[in-house]
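# Close look at the chain arrangement
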Protein chains: 2
Amino acid sequence: MFVPAAAQAQDGPAIAPATGGPSVAPEEDGYALWLRYAPLEGQAKAALERFDPRLAPVSAISDPTILVAMQELDRGLSSLLERPLAAGGDANVTLDCTSDVTGPEGSYRITGAASGIAIMAADPRGCLYGSHALLRELSLGTAPGRISLDQAPAMPLRLLNHWDNPDGSVERGYAGRSIFDWWHMPGRSDPRMIDYARANASIGINGSVVNNVNASPLFLTPRYLPKLVALADAWRPYGIRLYISARFSAPRDIGGLGTADPLDPQVRAWWQAKADEIYAAIPDFGGFLVKANSEGQPGPQDYGRTHADGANMLAGAVGDRGTIIWRAFVYSAEDETDRAKQAYEEFVPLDGEFAPNVIVQVKNGAIDFQPREPFHPMFGAMPDTRLMLEVQLTKEYLGFASHLAFLAPMWEEVLDSDTGRGGNVAQVVAPAGMAGVANTGSDRNWTGSDFDQANWYAFGRLAWDPTLSSKTIAREWAAQTFSRDPAFLAASVPMMLDSREAVVDYMTPLGLAHLMGTGHHYGPAPWVCDLGRPDWNPCYYHRADKGGIGFDRTAGGSNALAQYAPDIAAQWSDPAAMNQDYLLWFHHVPWDFRTRSGRGLWEELVARYDRGVAKVDDMQTTWQSLSPYVDPQRFRAVSEMLAIQRQEAQWWRDASLAYWQHVNGLPLPAGAAPPARDLKAYQALEFPEAPGE
Amino acid sequence: MFVPAAAQAQDGPAIAPATGGPSVAPEEDGYALWLRYAPLEGQAKAALERFDPRLAPVSAISDPTILVAMQELDRGLSSLLERPLAAGGDANVTLDCTSDVTGPEGSYRITGAASGIAIMAADPRGCLYGSHALLRELSLGTAPGRISLDQAPAMPLRLLNHWDNPDGSVERGYAGRSIFDWWHMPGRSDPRMIDYARANASIGINGSVVNNVNASPLFLTPRYLPKLVALADAWRPYGIRLYISARFSAPRDIGGLGTADPLDPQVRAWWQAKADEIYAAIPDFGGFLVKANSEGQPGPQDYGRTHADGANMLAGAVGDRGTIIWRAFVYSAEDETDRAKQAYEEFVPLDGEFAPNVIVQVKNGAIDFQPREPFHPMFGAMPDTRLMLEVQLTKEYLGFASHLAFLAPMWEEVLDSDTGRGGNVAQVVAPAGMAGVANTGSDRNWTGSDFDQANWYAFGRLAWDPTLSSKTIAREWAAQTFSRDPAFLAASVPMMLDSREAVVDYMTPLGLAHLMGTGHHYGPAPWVCDLGRPDWNPCYYHRADKGGIGFDRTAGGSNALAQYAPDIAAQWSDPAAMNQDYLLWFHHVPWDFRTRSGRGLWEELVARYDRGVAKVDDMQTTWQSLSPYVDPQRFRAVSEMLAIQRQEAQWWRDASLAYWQHVNGLPLPAGAAPPARDLKAYQALEFPEAPGE
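Rules behind the numbers
- Residues numbered from 1 in each chain as written.
- Chains lettered and ligands numbered in written order.
- Predicted model: local features only at pLDDT ≥ 70, side-chain atom pairs only at ≥ 80, totals over all residues.
- Heavy atoms only, no water.
- Helix = DSSP H or I, 4+ residues; strand = E, 2+ residues; numbered from the N terminus.
- Rg over C-alpha atoms; globule rule 2.2 N^0.38 Å.
- Contact = heavy atoms within 4.5 Å.
- Areas by Shrake-Rupley, 256 points an atom, 1.4 Å probe, with all protein chains shown as cover.
- Lys, Arg positive; Asp, Glu negative; His and termini not counted.
- Charge placed at Lys NZ, Arg CZ, Asp CG, Glu CD.
- Phe/Tyr/Trp six-rings, centres within 6.5 Å; stacked < 30°, edge-to-face > 60°.
- Lys NZ or Arg CZ within 6 Å of the ring centre and 35° of its normal.
- Salt bridge = Lys/Arg side-chain N within 4 Å of Asp/Glu carboxyl O.
- Buried < 20%, exposed > 50% of the residue type's maximum accessible area, 1.4 Å probe, protein only.
- Domains from an automatic or database assignment.
- Disulfide = S-S within 2.5 Å.
- Pairing = 2+ DSSP bridges.
- Axes fitted to C-alpha atoms, helices over the stretch in contact; angles between N-to-C directions.
- UniProt positions renumbered as here; feature names shortened; annotations may be inferred.
- Polar contact = N/O pair within 3.5 Å; in protein donor to acceptor, adjacent residues only side chain to side chain.
- pLDDT = per-residue confidence, 0-100.
- Parallel < 35°, antiparallel > 145°, perpendicular 65-115°, else oblique.
- Nonpolar A, V, L, I, M, F, W, Y, C, P; charged D, E, K, R; others polar.

What follows covers the overall build of chain A. Summing up its helical and strand segments, chain A has 21 helices and 14 strands in all. Here chain A has a C-alpha radius of gyration of 26 Å; the compact-globule value for 693 residues is 26 Å, and the two agree. With the principal axes as the frame, chain A shows a C-alpha extent of 80 × 65 × 45 Å. Counting only contacts in chain A whose residues sit at least 6 apart along the sequence, the fraction spanning at least 24 positions is 72%. Accessible surface computed for chain A: about 22100 Å², of which carbon and sulfur atoms make up 51%. Charged side chains in chain A number 57 positive and 82 negative. The centres of these two groups are separated by 2 Å.

We now examine the packing of aromatic side chains. Counted under the stated rule, the structure contains 100 aromatic pairs over all chains. Ring centres 5.2 Å apart and planes at 40° place the aromatic pair Tyr196 of chain A and Trp235 of chain A in the tilted group. One end of the pair, Tyr196 of chain A, is in helix H5 (residues 191-202); the other, Trp235 of chain A, is in helix H6 (residues 225-235), with 39 residues separating them in the sequence. A network of ring pairs unites the aromatic residues Tyr31, Trp34, Phe180, Trp182, Tyr196, Phe219, Tyr224, Trp235, Trp446, Trp456 and Tyr457 of chain A as a single cluster. Residue placement shows Arg339 of chain B over the ring face of Tyr331 of chain B; its charged tip is 3.7 Å from the ring centre. When the ring centre of Phe329 of chain B is taken as reference, the NZ or CZ atom of Lys363 of chain B above it lies at 3.2 Å.

What follows concerns the pattern of salt bridges. Tallied over the full model, the rule gives 89 salt bridges over all chains. Arg611 of chain B serves as the salt-bridge partner of Asp505 of chain B, at 2.8 Å between the closest nitrogen and oxygen. With Asp505 of chain B in helix H15 (residues 486-507) and Arg611 of chain B in helix H19 (residues 601-624), the pair connects residues that are 106 residues apart, well separated along the chain. Its relative accessible area of 0% is what places Asp505 of chain B among the buried residues. Put simply, Arg372, Glu413, Arg500, Glu501, Asp581, Arg599, Glu604 and Arg608 of chain A are held in one network by salt bridges that share partners.

Here the focus is the domain arrangement of chain A. Split by domain assignment, chain A resolves into domain 1 (42-151), domain 2 (157-481) and domain 3 (506-683). Centre-to-centre, using C-alpha coordinates, domain 1 of chain A lies 48 Å away from domain 3 of chain A.

Right, let's talk about the state of the cysteines for a bit. Residues and elements named next belong to chain B. Tallied over the entire structure, the rule returns four disulfides over all chains. A disulfide bridge connects Cys529 with Cys539, and the sulfur atoms are separated by 2.1 Å. Looking along the S-S bond of the Cys529-Cys539 disulfide, the torsion reads about 80°, which is the right-handed sense. Separated by ten residues along the polypeptide, Cys529 in the loop between H15 and helix H16 (538-542) and Cys539 in helix H16 bring together distant segments of the chain. Once the disulfide-bonded cysteines of chain A are ranked by sequence position, their pairing pattern turns out to be 1-2, 3-4.

Attention now goes to the sheet that holds strand S10 (residues 358-363) of chain B. Residue and element names in this part refer to chain B. The strand order around the closed barrel formed by eight strands is S5-S6-S7-S8-S9-S10-S11-S12, and the pairing between neighbours is parallel. Pairs of neighbouring strands in the sheet enclose a mean axial angle of 25°, with direction left out of account. Relative to strand S11 (residues 386-392), S10 is paired through five bridges, and the arrangement is parallel. Bridging across to S11, Ile359 finds its partner in Arg386.

Following Met185 of chain A, the chain continues to Pro186 of chain A via a peptide bond in cis, the omega torsion being 0°. Locating Pro186 of chain A in the fold gives a position in the loop between strand S5 (157-161) and H5. Backbone geometry at Asp52 of chain B places phi at a positive 50°, although glycine is not the residue there. Looking at the secondary structure, you find Asp52 of chain B in the loop between helix H2 (42-51) and helix H3 (64-81).

Residue and element names in this part refer to chain B. One can find Asn312 in helix H9 (residues 307-318). Residue class for Asn312 comes out partly exposed when judged on its relative accessible area of 24%. Sequence-wise, Asn312 and Leu468 are 156 residues apart; in three dimensions their C-alpha atoms are separated by 35 Å.

A few words on the sheet that holds strand S9 (residues 323-327) of chain A. Residues and elements named next belong to chain A. Strand order around the closed barrel formed by eight strands is S5-S6-S7-S8-S9-S10-S11-S12, with parallel pairing between neighbours. For this sheet, the mean angle separating the axes of adjacent strands, direction not counted, is 25°. Two strands pair when backbone bridges link them, and S9 and strand S10 (residues 358-363) are joined in this way by four bridges, in the parallel orientation. Looking across to S10, one finds that Trp326 is bridged to Val360.

Another point: helix H11 (residues 408-415) of chain B. Residues and elements named next belong to chain B. In terms of burial, H11 is a largely internal element, six of the eight residues being buried. By the burial criterion, the buried members of H11 are Ala408, Pro409, Met410, Trp411, Val414 and Leu415. On the buried face of H11, the contacting elements are S11, helix H12 (425-429), strand S12 (433-437), helix H13 (453-464), helix H14 (470-481) and H15.

This part covers the pairing of S12 of chain B. All names here are of chain B. With five of its five residues buried, S12 lies for the most part within the structure. Where burial is concerned, the two faces of S12 agree: the one with Gly433, Ala435 and Val437 and the one with Met434 and Gly436 are both buried. Here S11 runs beside S12; their pairing, made up of five bridges, is parallel. Residue pairing in the sheet places Val391 in a bridge with Gly436 of S12.

Our next topic: the UniProt feature "domain: Glycosyl hydrolase family 67 catalytic" (unreviewed entry) in chain A. Annotation from UniProt places "domain: Glycosyl hydrolase family 67 catalytic" (unreviewed entry) at residues 146-446 of chain A. Summarising residues 146-446 of chain A: 26% helix, 15% strand, and an end-to-end C-alpha distance of 33 Å.

This part covers the side chain of His307 of chain B. All names here are of chain B. Following the sequence through the fold, His307 ends up in helix H9. Here His307 falls in the buried class, since its relative accessible area comes to 1%. At 2.9 Å, the side chain of His307 and the side chain of Trp326 are in polar contact. The contacts of His307, once residues within four sequence positions are left out, are Ala292, Asn293, Pro300, Gln301, Trp326, Val330, Glu346, Phe347, Leu350 and Phe354.

Let us look at the side chain of Gln370 of chain B. Residue and element names in this part refer to chain B. Locating Gln370 in the fold gives a position in the loop between S10 and S11. Of the polar contacts made by the side chain of Gln370, one reaches the backbone nitrogen of His514; its length is 2.6 Å. Apart from the residues within four sequence positions on either side, Gln370 is in contact with Tyr397, Leu398, Met410, Ala513, His514 and Met516.

For the rest of this paragraph, the subject is the confidence of the model for chain A. Residues and elements named next belong to chain A. The predicted model of chain A has a mean per-residue pLDDT of 95, with 96% of residues at 70 or higher. Scored below 50 in pLDDT, residues 4-26 shows 59 contacts in the model against residues more than four places distant or in partner chains. Across the interface, the model reports ipTM at 0.93; the global pTM reads 0.95.

In this section: the packing of helix H4 (residues 124-139) of chain B against helix H5 (residues 191-202) of chain B. Two packed helices can be described by the angle between their axes and the distance between those axes. Residues and elements named next belong to chain B. It is the contact of H4 with H5, at a shortest axis distance of 9 Å, that shows an interaxial angle of 80°. With respect to H5, the element H4 is oriented roughly perpendicular. Contact residues: H4 offers Leu128, Tyr129, His132 and Arg136, while H5 offers Arg198, Ala201 and Ser202. Per-class residue counts for the contact of H4 with H5 are three nonpolar, two polar and two charged.

This is the structure we're talking about:
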């Protein structure tokens, strides 16, 4: 299973690079992400050679952002050409960072001609984004003279949220430890912090919240300020602003106060002083992200105040220097209401009460990053509040890093959803932005698996332009990350586009949700019904019994449907007519319910589980055919992950069916294979070392 | 502080390797360890070119160990030459693995001549070690014709002990997460597992205990067996046998038995079956390492049995297939005896009672891996028991990865110690071996800092040949890892040799011990005196008061001195005449005690603290002068670590002196700088995220 050094040596040249570099290091380990700038071949190479790119000397440049843009161009162009760029002579790749290009910060225009390529922007960040865009186009094989782009970011905030803790652990992290070495900062520099910034800049990400929303107050202590300064200084040239998650009870935890009541003058003064302390050291500090009164976190409700009271108090402390991002992911153990309704009920009445520099961050769906959820009903329901879309790059509920699931189609599904209230989700969040819960870690390939890099890439691209198709994004990423060979792309892109649907099919088909194992969320556990909080139990979500399955969210049930605009609610009110992908999310139906496929519900359910497993078979077959295009180490790594996914897809299918049969007493449809083991065997499985908790 | 990609790009060629390898990856990140095989220059290169090494084709070779030996030779020789080896013609580098070379397994002979180099051994492992030895000699610049070696390992077991847990955490680990991906094994292969085996084979390490001695019973469950098989299969060609730490209470924890009493027939049957299960899957499984009845771990004493009862029961289960390694690191909270005496008192009476395949593993000193301890009195005191020496590569008590401390001098000090009972420590452990608590982790450079790689290297080399000098080992390592330039070696080797003494001076001079912070062991905390267990308190060890300082272990005190052979005890009985490095380990003396330097104790103490800090100044100066010889990234990394070490050395010195002054009320000697802060400030420091616990 482990590949001997022998084979590794045979994979690549036996000779160490003349740089004296590591001769044992594999030649492709994924560290370079999509910034490999793999040498061009054929016509594309000839075209770039003919163009013979020349840059102006960087010596005179003082702006650090323009400097790194020029250096990235030098690195990328010379790598694509496999030769240093010609020095001297007139530059034919030029940056004009004080041009009259209009649009928000970061907008740029590229005009390519045989005579030269001009990157124009009204600010240095636009030049940086334009430089990366040029390198992307060239990496895809576009001829220099044919490149013409006019781009502006669709939303101001494009942020990663890291659920990373001071001790280096990462909540819901599946790629090793945190990439942030808080222990050695600021004394120690880590080249990863620079490559992280380069990768983000290349896709337009302009901010990073560096610590877990379940926040340690350590990040607000004086000892941590120099560490934060070191990161902010390192990232500034790349246009990345630093944010931190703030623990609402910090005035009590570390401030020596007896309360954290947002209306208490001492509390307000403490936060004001803390904000001033941070801004004195980090003038472009982004602001605070807050998870309050949710899953045990402290918040304003501890003092009888509202979310608006809490958010506005912090907003006053940072003033126009920064932003308060307040999470809407709240639900209460005491609250008997359908969990899917609680965030809406708590926040919508507060519409209009939030300060202008407050943004409310709303997850894509009303439960919690499931393989598929209908869009969150809050979108469109708070016209007088800026709402930000939160999606999860790390695959907490989609098989961890081991399952290949390209998430752009899921996010595209949400962004394109018509809220029925004057726009789709993308339009609703345009004044605010998007946040992605990061999937980065200390693993050499950054994200635990090679294909998870695509979710980082897709997040940045969609936050820049939510109208991009998943297919376009998949092509861009696959071509830059693996191979621009048309045959490779023709096979790998469809595989990526279908991969998330496969997970939905073998984990939670037909609108089922939250059936994962307790705590770690690894593997199937639809039978769990004994947890302290009702809404932590899978049985709370599937409501399966002899008579049927599904959560009745119609007027006859929790009526969560009524939180949507009437037109939208209407689409989902009739189980027979509606999109069956959401069927059991909104309806409890009998096992013999006739689905739109013509099959009964039970038959349809089994068919979808089987379809999911079959899709993984297809992915394995497809990948095996792509070995000529991929270096041996990454090819092997992906193959091994697909084998794990195939096993676990079967496990999901078999364990789920064993349980549903236990509930409904129905025989399997003709032709369906019986589960490999009996229910008890699946129920007995334990994974005490499952990562991510 | 973080270095922009720009600077990184300037460090190396801007062009990506033609392999299409990562263009953002730094050219030297430490991953290659000492196996860089950096291209030769000048005469050495000319000599090897003249020799024109040619290998026999590997196609016919079936033995996997000989195969990897040949492949390592191909990789190394071609890297040293910067060209592929000539194919065809008669081979002039030959392996004879069935020769009449005598000696234990792994012995080899190398005869080099202008006409050819022959590596001879009686077994494949000898050929593997010989191949690495040849590459080492060539890497050091020795001419092929001049290489003549006749080597045999000094001890049979040369093992790494990993204190790694199933969840990926590492107890006392300062290099990131565990290198073992238990979560994805056996499905996923990690090239690090092969490079780890290559590195170990290159220095003669022949076994690895892969989990923490504070052992999870998971490693004995059926779910883990395929993971262990995968590792054992991967390592077998490299001569690495797999061992695991066994939790003594496993029959109760996972076996469904009501007891773990080693004399209970069901318990014996359970272990027998478990051993048979493991050996059926891993025929060359090394055996079990056991930490019993120590620091809360279960053991035979829980059932009124002795350590011998427990060890012998397990020895019976593995039989002649493997070894039981039983740790002597035991001490009890209830026991009022000087902790330094407890292991001796528990084990020496059992001499002769252990089964032949049991080894008792004894730490280098009687307390716990302190910067300096006298050798453990058990060495030499159990003539009828095989004793193994346990040292710690990971620097739990020596500043973690941030402090440059080359530990070969410490281990040499112990190995060369005359036990006064017919041999030095090296001779005592020769029939058994050495164990090193590993310092490996997921950090790209393996050990958290570049210079900590030297401790891994030194451990292997000393276990192979304990008569090697620290200087020889330092030269070998530095030349292979950084530069073989004589000027580089002339400066870096002395710096390494003096580095451990610097730590002793600024942390625990004159025989002081265990003054580190509670739990994490980070930083100075001599004032701590309130912990539950007396022998967890620094004040227990230094016993400082107005009248004096030090632990009286003479007849007038705990009389631990009497555990040593009379001749040895005599050397340490007179505080005025003895080696002052052990003074306060064995004696409580007044502050005005006249030391051999002629200075009073207080003046001598202050002088040693200052000497330690000054040595770090010198290390920084030396390193700054070496930038011409080291690639920019590793040069920067080492510089940053030295800066951290300098700060912390000052902190150790200042905080310690502030506390001693608080105790003795004495003024600082003339010329000594006062501590930067007052005692309370040092006492108030907290490090909740300190690594390694």
